[in-house]
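Examining the three-dimensional arrangement
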Amino acid sequence: MNFVITKQFIRASLITALVTIILVFIFSLYQQKKIRDTARMLARSREVLSAIRNVMSTSMDIQNGARTYVLTGNDRFLAQTATGMDSIHHQVQALRHSIADNPRQYQWIDSLEKYVTLRIQNARMLIKLDKSGSHDSAARWVELGQDIQVTSQIRLFAKNIEQEEMSILVHRKEFFSSNIGRLNNLLYGFLIVVMGLSLIFYSRVLRGVTFHKQSEDKFKSLVEAAPDALIISGED
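Residues numbered from 1 in each chain as written. Predicted model: local features only at pLDDT ≥ 70, side-chain atom pairs only at ≥ 80, totals over all residues. Heavy atoms only, no water.

As for the overall build of the chain
Formally: Helix numbering and strand numbering both begin at the N terminus, where a helix is a DSSP run of H or I of at least 4 residues and a strand a DSSP run of E of at least 2. Residue exposure (1.4 Å probe, protein chains only): buried if accessible area is under 20% of the type maximum, exposed if over 50%, otherwise partly exposed. Contact definition: two residues touch when any of their heavy atoms are within 4.5 Å. For the area figures, the Shrake-Rupley method with a 1.4 Å probe applies, and any residue is considered shielded solely by the protein chains shown.
Looking only at helices and strands, the chain has 5 helices and 0 strands in total. For the chain, the α and β elements follow one another from N to C terminus as α-α-α-α-α. Burial status across the chain gives 32% buried among its 236 residues. Intrachain contacts of the chain at a sequence separation of at least 6 include 78% that bridge at least 24 residues. For the chain, the accessible area works out to roughly 15,700 Å², and carbon and sulfur atoms hold 60% of it.

What follows is the structure in structure tokens.
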């Protein structure tokens, strides 16, 4: 059996090594892209959840500011209400922008904005009623919780958007883990194949070296055992 290491075999081994490096590099780039995409989607989810919390918090500030002003007569709470009124529409628009790519969430934003607007109107009406001298009517309006229905609707639509976002977030994490798992398995399988080929190459080289050494030893033995001197001639 001939164990001579041919140039073709060495060339094939080098090509295999080069292809391995290129494929590993491509896999790495693809995984990095997936990681960046996932980071971007997670940032988007954090943006949506933060926008929902801002709308809910500001909505409650408007309600509590107006109610507390009526009950205490302290003008400090009017500033809280005014600040909320100035900022909440911007917060709703920020939320609208964040969920513009999701029709399921987007269908609730108009209803949410409708009740946010109603919350502002009720707060203005309550404050105006109190300042016009109808403090008892305003106080009774507060005690009866006339604005509770608006609060419930704001919470309902905000919760719908939030739950949908949480569901999307879980799905994205599962999809990312599944994709990375498949890529890793594929990469590991490929590396195992390359390792097997490397072992075959190493075995071929080792057997070739052993064969040449045995040939040299055999030739040396023949030379030493020859009764007459051997003359080896060549052009060099």
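And the narrative resumes.
Notes on the packing of helix 3 (residues 103-131) against helix 4 (residues 135-143)
In a packed pair of helices, the relevant descriptors are the angle between the two axes and the axis-to-axis distance. In plain terms, the rule: Every angle, taken between N-to-C directions, lies between 0 and 180 degrees, and every axis is a line fitted to C-alpha atoms, over only the stretch in contact when it is a helix. Less than a right angle of anticlockwise turn of the near helix away from the far helix marks a crossing as left-handed, whereas a clockwise turn marks it as right-handed. Polarity classes work like this: nonpolar for Ala, Val, Leu, Ile, Met, Phe, Trp, Tyr, Cys and Pro, charged for Asp, Glu, Lys and Arg, and polar for all others, with Gly in that last group.
Axis separation between helix 3 and helix 4 bottoms out at 7 Å; the angle between their running directions is 145°. In terms of crossing hand, the pair formed by helix 3 and helix 4 is left-handed. Judged by residue contacts, N122, M125, L126, L129 and D130 of helix 3 engage H135, S137, A138, W141 and V142 from helix 4. Its residues placed into classes, the contact of helix 3 with helix 4 shows 6 nonpolar, 3 polar and 1 charged.

Regarding the packing of aromatic side chains
Heads up, the condition is: Pairing of aromatic side chains requires ring centres within 6.5 Å, counting the rings of Phe and Tyr and the six-membered ring of Trp. Pairs whose planes differ by under 30 degrees are stacked, by over 60 edge-to-face, and all others tilted. We call a charge positioned over a ring when the NZ of a Lys or the CZ of an Arg lies within 6 Å of the ring centre and within 35 degrees of the ring normal.
This model, assessed by the stated rule, comprises 1 aromatic pair. On the basis of an interplanar angle of 25° and a centroid distance of 6.1 Å, the ring pair of Y115 and F157 is categorised as stacked. One end of the pair, Y115, is in helix 3; the other, F157, is in helix 5 (residues 148-225), with 42 residues separating them in the sequence. For Y115, a relative accessible area of 18% puts it in the buried group. Accessibility expressed as a relative area gives 13% for F157, which makes it buried. Positioned above the aromatic ring of F77 is the side chain of R76, whose terminal nitrogen or guanidinium carbon lies 4.5 Å from the ring centre.

Some points on the environment of L42
Topologically, L42 is positioned in helix 1 (residues 7-72). Among the residues examined, L42 registers a relative accessible area of 24% and is labelled partly exposed. Taking the C-alpha atoms as reference points, L42 and L169, separated by 127 residues in sequence, lie 7.1 Å from one another. Other than its neighbours up to four places away in sequence, L42 contacts L169 and K173.

Here's the deal with a nonpolar patch on the surface
Stated formally: The patch calculation keeps residues exceeding 30% relative accessible area without a salt bridge and links them within 9 Å when they carry like charges or within 5 Å when they are nonpolar (Val, Leu, Ile, Met, Phe, Trp, Tyr). We count a salt bridge whenever a side-chain nitrogen from Lys or Arg sits within 4 Å of a carboxyl oxygen from Asp or Glu.
Together, L18, I22, F25, I26 and L29 line one region of the surface with nonpolar side chains, adding up to about 480 Å² of accessible area. With respect to the element layout, I26 can be found in helix 1.

Quick word on the nonpolar core
What counts, and what does not: Side-chain atoms within 4.5 Å link the members of a nonpolar core, which is a set of buried Ala, Val, Leu, Ile, Met, Phe, Trp, Tyr and Cys residues.
One finds L95, L112 and I161 to be the most contacted residues of the largest nonpolar core, which totals 34 residues. Put simply, the parts of the chain that give this core at least two residues each are helix 1, helix 2 (76-98), helix 3, helix 4 and helix 5.

Focus: helix 4
Rule in force here: Picture the helix axis, draw a direction to every C-beta atom, and the arc is the one those directions span.
Within the sequence span of helix 4, burial applies to A138, A139, W141 and V142. Down the axis of helix 4, the buried set is contained in an arc of 155°. They therefore lie on one face. Away from the buried face of helix 4 by more than 90 degrees, exposed residues D136, R140 and E143 are located.

Section: the pattern of salt bridges
This model, assessed by the stated rule, comprises 7 salt bridges. In this structure, K33 engages D37 in a salt bridge whose closest nitrogen and oxygen atoms are separated by 3.0 Å. Of this pair, K33 and D37 both sit in helix 1, 4 residues apart, which is roughly one turn of that helix. A salt bridge links R119 to D147; the shortest N-O distance between them is 2.6 Å. One end of the pair, R119, is in helix 3; the other, D147, is in the loop between helix 4 and helix 5, with 28 residues separating them in the sequence.

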